[in-house]
Amino acid sequence: AESFYELRLDLDRLTAACCVVELVDRAVEDRHPDADTFALLLGALRGLCPAPDPELALWTFGVQLLSRFGYTPVLGACSRCGSTESQGARFSPLFGGRLCGACLGHDPQAFEVTRDSVQLLRALVERSAQGGDRPVLEDRTRHELRRVFRELIEHRLDLRLRSLEFADRLGG
């Protein structure tokens, strides 16, 4: 049995691990074994031990889990109408991705995200931000991705994670 000792030595890693475990615990039905999700969970916990940025590792896991449940964020086109027009686009957790300018009225809660955030989110979706890619995130990008992650989890899985609220109180 693995103890994941390294996770207990660092508060950021431990907090990210708590988020990963809580997300799986609350997203998967009780008494319905799901070997693939368990393997994803185990891989995330193993990956958090050496991860230079535990929060980025958490987001990678979250996007993978959302994708596993059929909620892959839509980034290449409008998540409502399919338009590839990017003028005035915003991110809509309600629709699960980017909204074009023409569709903004359908989600007044859609918010702006920078091109850097969209590119990193796309890399997370494509799973290329793990392993060798270790981007250094600017504060604005980190803040935007934190919001995207939280709101996708809330809107797509209908979950509010206590561990994310705890992380916010810690200042993470």
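Being a predicted model, the structure only gives us computed values, none of them experimental. (Residues numbered from 1 in each chain as written. Predicted model: local features only at pLDDT ≥ 70, side-chain atom pairs only at ≥ 80, totals over all residues. Heavy atoms only, no water.)

Draft legend 1. Highlighting the overall build of the chain. Of regular secondary structure, the chain possesses seven helices and two strands. Its helices and strands taken in sequence order, the chain reads α-α-α-α-β-β-α-α-α from the N to the C terminus. The principal-axis extent of the C-alpha atoms belonging to the chain is close to 50 × 40 × 30 Å. Within the chain, counting contacts between residues at least 6 apart in sequence, those at least 24 apart form 61% of the total. As displayed, the chain has an accessible area near 9700 Å², and 49% of this comes from carbon and sulfur atoms. With 22 positive and 26 negative side-chain charges, the chain shows a spacing of 2 Å between the two charge centroids. (Helix = DSSP H or I, 4+ residues; strand = E, 2+ residues; numbered from the N terminus. Contact = heavy atoms within 4.5 Å. Areas by Shrake-Rupley, 256 points an atom, 1.4 Å probe, with all protein chains shown as cover. Lys, Arg positive; Asp, Glu negative; His and termini not counted. Charge placed at Lys NZ, Arg CZ, Asp CG, Glu CD.)

Draft legend 2. Spatial organisation of helix α5 (residues 115-125). Taken residue by residue, α5 has S117, V118, L120, L121, A123, L124 and V125 as its buried positions. On its buried face, α5 sits against α4 (54-68), β1 (90-92) and α6 (139-156). (Buried < 20%, exposed > 50% of the residue type's maximum accessible area, 1.4 Å probe, protein only.)

Draft legend 3. Geometry of the pattern of salt bridges. Tallying each qualifying case throughout the model produces 13 salt bridges. The closest approach of N and O atoms between D34 and R68, which form a salt bridge, is 2.6 Å. Here D34 is found in the loop between α2 (11-27) and α3 (35-48), whereas its partner R68 is found in helix α4, with 34 residues between them in sequence. On the accessibility criterion, R68 (34% relative accessible area) is partly exposed. Measuring nitrogen to oxygen at the nearest pair gives 2.6 Å for the salt bridge that ties D53 to R142. Of the two residues, D53 is situated in the loop between α3 and α4 and R142 in helix α6; the sequence distance between them amounts to 89 residues. Just as D53 is buried, R142 falls in that class too. Among the charged side chains, a network of salt bridges with common partners joins D53, E55, R142 and R146. (Salt bridge = Lys/Arg side-chain N within 4 Å of Asp/Glu carboxyl O.)

Draft legend 4. View of α6. Here α6 contains 18 residues, and its C-alpha end-to-end distance of 25 Å stays within 8% of the 26 Å for a straight helix at 1.5 Å per residue. Within α6, the full set of buried residues consists of T141, R142, E144, L145, V148, F149, R150, E151, L152 and I153. Check the buried side of α6 and you find it contacts α2, α4, β1, α5 and α7 (162-170). Directly beyond the C-terminal end of α6, a positive phi value near 55° is found at D158. (Expected span 1.5 Å × (residues − 1).)

Draft legend 5. Representation of the side chain of D53 within the structure. According to the relative accessible area criterion, D53 is buried, its value standing at 15%. Polar side-chain contacts of D53 include one of 2.6 Å to the side chain of R142. Not counting residues up to four positions away in its chain, the partners in contact with D53 are L137 and R142. (Polar contact = N/O pair within 3.5 Å; in protein donor to acceptor, adjacent residues only side chain to side chain.)

Draft legend 6. Looking closely at the packing of α2 against α3. Two elements in contact, α2 and α3, have axes separated by 10 Å at closest approach and are oriented at 175°. Between α2 and α3, the interaxial angle falls into the category roughly antiparallel. Along its contact with α2, which presents R13, A16, A17, V20, V21 and V24, the element α3 presents T37, L41, A44, L45 and L48. The class makeup of the residues in the contact of α2 with α3 is nine nonpolar, one polar and one charged. (Axes fitted to C-alpha atoms, helices over the stretch in contact; angles between N-to-C directions. Parallel < 35°, antiparallel > 145°, perpendicular 65-115°, else oblique. Nonpolar A, V, L, I, M, F, W, Y, C, P; charged D, E, K, R; others polar.)

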